[in-house]
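Observations on chain architecture
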Amino acid sequence: MDKIAIIGAGISGLSAAQLLSEHADITIFEKDSQSGGLIKCIRVEDNLYHIVGGHVFNSKNKKVLDWFWSFFNKEQDFTSTIRNTVINLLNFVKYPIENNIYQLSEDQVKNILKDLLSISKIPSETFENFEEFLLKRFGKTLYELYFKPYNEKIWKQDLNKIPLSWLEGKLPMPTVEEILLNNIFRKEEKEMVHSSFFYPKINGSQFIADRLSKELNIKYNTPISSIRYIADTRSWIIDNEKFDFVIYTGNIKDLKTKIDTQLNLKNIFNAISDLEFHGTTSVLCKIDPNPYSWIYLPNKNCDAHRIICTGNFSATNNSQGITTATVEFTDHVDKNKIVDNLKLLPFSPQYITHRYTEYTYPIQSVDTRKVIDSFKRKLESQQFFLLGRFAEWEYYNMDTAIGAAMSLSEKIINLIKGNS
């Protein structure tokens, strides 16, 4: 039986391992003491702490849904929730803002309508970057009020430098007619993937990681120092163990010092070293009771960009008598600045703990996918595969990561069958 090494026990590595387990002998190398990667959770003072974000599950991909639910009892293990998200302007405005223009001031509504009527007279066109998309789809008023300040907080760069292709599938793209009709009929947004979502009743997204880890051969606390290709046998040696295939789900930037492929990859590694990214400072807080799922914070008077009301996702996320939430900042923020910012936020969040994760959001340029695709082609000729958010430098959610693992697993299964 072929041997496959999977480096990383996040959602991508775990999904690939489960998909390939009937076709090969799988070993997962995980540098941490528990699985989960970016969906990892821990307990702090008996409160569930999503170390990065507040990961929930849903998908529009039937294959992903069918596969995912083969591991869980939907009714027993999960709650199903309608997303209740607001934007914190002078008052709370329901998300997405373009469906809830009627909640804004009269002057703002008049200006937005003027913008939309002007847009409606322009023929459909393609957009070169994120800023152009936002301005030409929603108009200057909504752009200046919400889209620009909120997204500049998250990405910390000019929005005209962000290629739209990077965010494809993650953005609402309503027409002017749809925006107006949604406001007239007060229509709720139900087309976006996470307009409703499933969330584990116990232990949040760590429950998902733990279930997918079952019956897998995972070597915890095992960072990889050497990945070496042996051309004569078309095999890989990982820390003295031989494998036929390798799936790498770690950070692509780390490969330069670890991998020996006998290929000339200098130019590619130079390009990879220039790839941009952001980290996240995630703050677990006690917060006043509220009915929300997410609260977006475009206001320029604070640095935090959103509150994820993880304590509302499941009562078991909270220690007795309190409600918790996770406040997020882009990049590193020290505790003093965190505490000062919390004073500016709604529902009086009170600090419990925080953690900074250096790599959470990959940022693409117009050339990123070309660089990664070239690297993939070279490595795949030696049966080495990249998978996951920072291996492929793609902004994957949980369901898109699973979908990518399914596509890659099909490719590897075909190779295994072809080799036999």
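Residues numbered from 1 in each chain as written. Predicted model: local features only at pLDDT ≥ 70, side-chain atom pairs only at ≥ 80, totals over all residues. Heavy atoms only, no water.

The name recorded for the protein chain in an unreviewed UniProt entry is UDP-galactopyranose mutase, from Dysgonomonas mossii.

For the protein chain, the assigned domains are domain 1 (3-31 + 222-276 + 364-417), domain 2 (39-83 + 194-204 + 277-361) and domain 3 (97-188). Taking only C-alpha atoms, the centre of domain 1 and the centre of domain 3 are 37 Å apart. On the side of domain 3, 8 residues touch domain 1, which itself brings 7 residues to the contact. Taken as a group, Gln 364, Arg 369 and Tyr 395 account for 75% of the area that domain 1 buries against domain 3, more than any other trio of residues on that side. Counting across the interface, domain 1 meets domain 3 through 0 salt bridges. Our count for the domain 1 to domain 3 interface comes out at 0 residue pairs in polar contact (both at pLDDT 80 or more). Classifying every residue of the side of domain 1 that touches domain 3 by side-chain character gives 2 nonpolar, 3 polar and 2 charged. (Domains from an automatic or database assignment. Contact = heavy atoms within 4.5 Å. Buried area = accessible area lost by both parts, 1.4 Å probe. Salt bridge = Lys/Arg side-chain N within 4 Å of Asp/Glu carboxyl O. Polar contact = N/O pair within 3.5 Å; in protein donor to acceptor, adjacent residues only side chain to side chain. Nonpolar A, V, L, I, M, F, W, Y, C, P; charged D, E, K, R; others polar.)

The strand order S9-S2-S1-S13-S20 describes an open sheet built from 5 strands, whose pairing is parallel. What marks the edges here is a single partner per strand, and that holds for strand S9 (218-219) and strand S20 (384-386). Strand direction decides the pairing type here: strand S1 (residues 3-7) and strand S13 (residues 245-248), joined by 4 bridges, are parallel. Its bridge partner being in S13, Ala 5 is matched across the sheet by Val 246. (Pairing = 2+ DSSP bridges. Helix = DSSP H or I, 4+ residues; strand = E, 2+ residues; numbered from the N terminus.)

Let us now look at the nonpolar core. Core analysis: the largest hydrophobic core is formed by 43 residues, its most contacted members being Ile 4, Ile 28, Phe 68, Ile 247, Ile 402 and Ile 412. When contributions to this core are tallied by element, the ones reaching two or more residues are S1, helix H1 (11-20), strand S2 (25-29), helix H2 (62-69), helix H8 (204-213), S13 and helix H12 (398-419). Leave out the neighbours within four places in its chain, and Ile 402 touches Ile 11, Ser 15, Phe 57, Val 64, Trp 67 and Phe 68. Of all hydrophobic cores here, the second largest spans 40 residues; its members include Ile 97, Ile 101, Tyr 146 and Phe 313. (Core = buried A, V, L, I, M, F, W, Y, C linked by side-chain atoms within 4.5 Å. Buried < 20%, exposed > 50% of the residue type's maximum accessible area, 1.4 Å probe, protein only.)

Let us look at the pairing of strand S18 (residues 323-330). Among the 8 residues in S18, 8 count as buried, and that is most of the element. Neither face of S18 is exposed, since Thr 323, Ala 325, Val 327 and Phe 329 on one face and Thr 324, Thr 326, Glu 328 and Thr 330 on the opposite face are all buried. Judged from the 8 bridges that link them, strand S15 (residues 276-287) and S18 form a sheet pairing that is antiparallel. Residue Lys 286 lies in a different strand from S18, and its bridge partner there is Thr 324. Taken together, the 3 bridges between strand S17 (residues 306-308) and S18 define a ladder with antiparallel strand orientation. Within S18, the position partnered with Ile 308 by the bridge is Thr 326.

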